[in-house]
Amino acid sequence: YSQQRLNIWRHQKKEHTVTLLPPLIHINRLDDGTWTYRITSEGLKCDFLRFLENTSNFTWRKDPQDITPEERNANAQHLISKLAAFGYLVSSAKVASFSRAVIAMDGKQTEIGRSDGRTGKSLLGKAVGCMTQAKYYNGKAFAAGNNQFIWDGVDNRTRLVLIDDCQRDFDFEDLFGLISGDWPVNPKGAKPYTIPYSESPKVYITTNHAVTGDGASYTDRQWMLAFSDFYNAEHKPEHDFSSYFFEGWDAEQWDLFYNLVAVSLQTFFRYGYVATPGEGLEKRKLLQEIGDEFKLWADEYYAPAERPEDRDRCHLNARIPRKEIYDDFIATVGSARSKYYTPKVFKTKLKKWCELEGLIYNP
């Protein structure tokens, strides 16, 4: 490491006298790849750190003695992934081989295709916005299709693009080139320009739904974060802390927050990408891609035999012509729906349903 004199924009400066505090948290990655952490007495004073810990607690309904070591390790990894992602978004460092959008999702599925939200995802984006120049977008603006002026106002001073509350039809593929390459901007009433990759903003997305898409092109551009339902419509962060985040903080809380930003930067530069335990997120993604209608049909069509006399009529472990299966589905949902379920779409959904249920798809 060598110190260098670098220039920043005046508006990037945060006029705050920061006191270097004792460590807020100790993080360890064990030899077997699992994670542990310990929040110090100083860290327990930091409202935002405790908030992130709560949003990473997926076992809060359980009695402590019933929580397994695997569940504790998963909770720890959720928190450390959030801290590393926070550091990644705050830092101005960019490497072409590692370019990801951070995507915050609800980790708990309430019912098929539905999520209640209110889990604190947007607060992490606001925290990054306290440290960098951010451009906010309502995710609903992307549902109407292509908008040639959508990036109006983004320039080389913009460090973060925050797309909040993306809808189910959000097309993540539209961001591929922006995440890993230059960023073209077509401003209203002005000449188009392109922001080079080295100066282009990073992307933070919040959504109550799964971001669909398969393959390395998707996974290599995504840093998924899962938020538990510790916070919800009835239980909000202001119920746990003495003041509203950011607007209501006193000097001590800002001091603790800036120290946490430093911890998050260290976490990212030390460990890099820390994956989120993905079982719940993958299940949510599969459920959304399968859809309510198809799942209800498949659950019934492939229901296991409950009585010995039903085994001959059971469709599991049976050789059935594909057309016969497809025709049964169309007869169930109605012929008017067939335009949405071509044989190719039907096959894709059936394979994903098998993956969801832990079954082998044998064509």
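Just above sits the structure.
Worth saying up front: this structure is predicted, and the values here are computed from it rather than measured.

## Here's the deal with the packing of aromatic side chains
Step number 1: A full pass over the atoms with the stated rule returns 51 aromatic pairs.
Step number 2: For the pair Phe48 and Phe257, a centre-to-centre distance of 5.8 Å together with 85 degrees between the ring planes defines the contact as edge-to-face. With Phe48 in helix H1 (residues 47–55) and Phe257 in helix H6 (residues 251–271), the pair connects residues that are 209 residues apart, well separated along the chain. No difference in accessibility class separates Phe48 from Phe257, as the two residues are buried.
Step number 3: Directly above the aromatic system of Phe227 lies the positively charged group of Lys82, at a separation of 4.6 Å from the ring centroid.
Step number 4: The ring of Tyr197 has Lys94 lying over it, and the distance from NZ or CZ to the ring centre is 4.1 Å.

## Here's the deal with the packing of helix H2 (residues 69–90) against H6
Step number 1: Close contact between H2 and H6 brings their axes to 7 Å; oriented N to C, the two are set at 95 degrees. As judged from the angle between their axes, H2 and H6 are roughly perpendicular. Across the interface between the two elements, Ile80, Leu83, Ala84, Phe86, Gly87, Tyr88 and Val90 from H2 touch Phe257, Leu260, Val261, Ser264, Leu265, Thr267 and Phe268 from H6.
Step number 2: Per-class residue counts for the contact of H2 with H6 are 11 nonpolar, three polar and no charged.

## Focus on the sheet that holds strand S4 (residues 134–138)
Step number 1: Here five strands make up an open sheet; going across it, the order is S4-S5-S8-S3-S9 and the pairing parallel. Single-partner strands in this sheet number two, and they are S4 and strand S9 (222–227). For this sheet the average axis-to-axis angle between neighbouring strands, irrespective of direction, equals 20 degrees.
Step number 2: By the bridge criterion, five bridges tie S4 to strand S5 (residues 160–166) in an arrangement that is parallel. Bridge assignment links Tyr137 to a residue of S5, and that residue is Ile163.
Step number 3: Against the sheet, H2 contacts strand S3 (101–106), S5, strand S8 (202–207) and S9, and its axis sits at roughly 130 degrees relative to S9.

## Considering the pattern of salt bridges
Pairs can form between side chains of opposite charge whenever their charged atoms are close.
Step number 1: One pass over the full model with this rule turns up 10 salt bridges.
Step number 2: The shortest N-O distance in the salt bridge between Arg50 and Asp47 comes to 3.7 Å. Taken as a pair, Arg50 and Asp47 lie in helix H1 at a separation of three residues, close to a single helical turn.
Step number 3: By relative accessible area, Arg50 is classed as partly exposed at 28%.

## Concerning the side chain of Gln222
Step number 1: Along the chain, the position of Gln222 falls in strand S9.
Step number 2: Residue Gln222 is classed as buried on the basis of its relative accessible area, which comes to 9%.
Step number 3: What Gln222 contacts, discounting residues up to four positions off in sequence, is Arg100, Ala101, Ile103, Phe172, Val211 and Tyr273.

## Brief notes about the environment of Ser56
Step number 1: Mapped onto the secondary structure, Ser56 falls in the loop between H1 and H2.
Step number 2: Residue class for Ser56 comes out buried when judged on its relative accessible area of 1%.
Step number 3: The spacing of Ser56 and Asp229 is 173 residues in sequence and 9.1 Å in space, taken between C-alpha atoms.

Each value, and the rule that gives it
Residues numbered from 1 in each chain as written. Predicted model: local features only at pLDDT ≥ 70, side-chain atom pairs only at ≥ 80, totals over all residues. Heavy atoms only, no water. Phe/Tyr/Trp six-rings, centres within 6.5 Å; stacked < 30°, edge-to-face > 60°. Helix = DSSP H or I, 4+ residues; strand = E, 2+ residues; numbered from the N terminus. Buried < 20%, exposed > 50% of the residue type's maximum accessible area, 1.4 Å probe, protein only. Lys NZ or Arg CZ within 6 Å of the ring centre and 35° of its normal. Axes fitted to C-alpha atoms, helices over the stretch in contact; angles between N-to-C directions. Parallel < 35°, antiparallel > 145°, perpendicular 65-115°, else oblique. Contact = heavy atoms within 4.5 Å. Nonpolar A, V, L, I, M, F, W, Y, C, P; charged D, E, K, R; others polar. Pairing = 2+ DSSP bridges. Salt bridge = Lys/Arg side-chain N within 4 Å of Asp/Glu carboxyl O.

Spatial relationships are all this shows, so hold off on functional conclusions.
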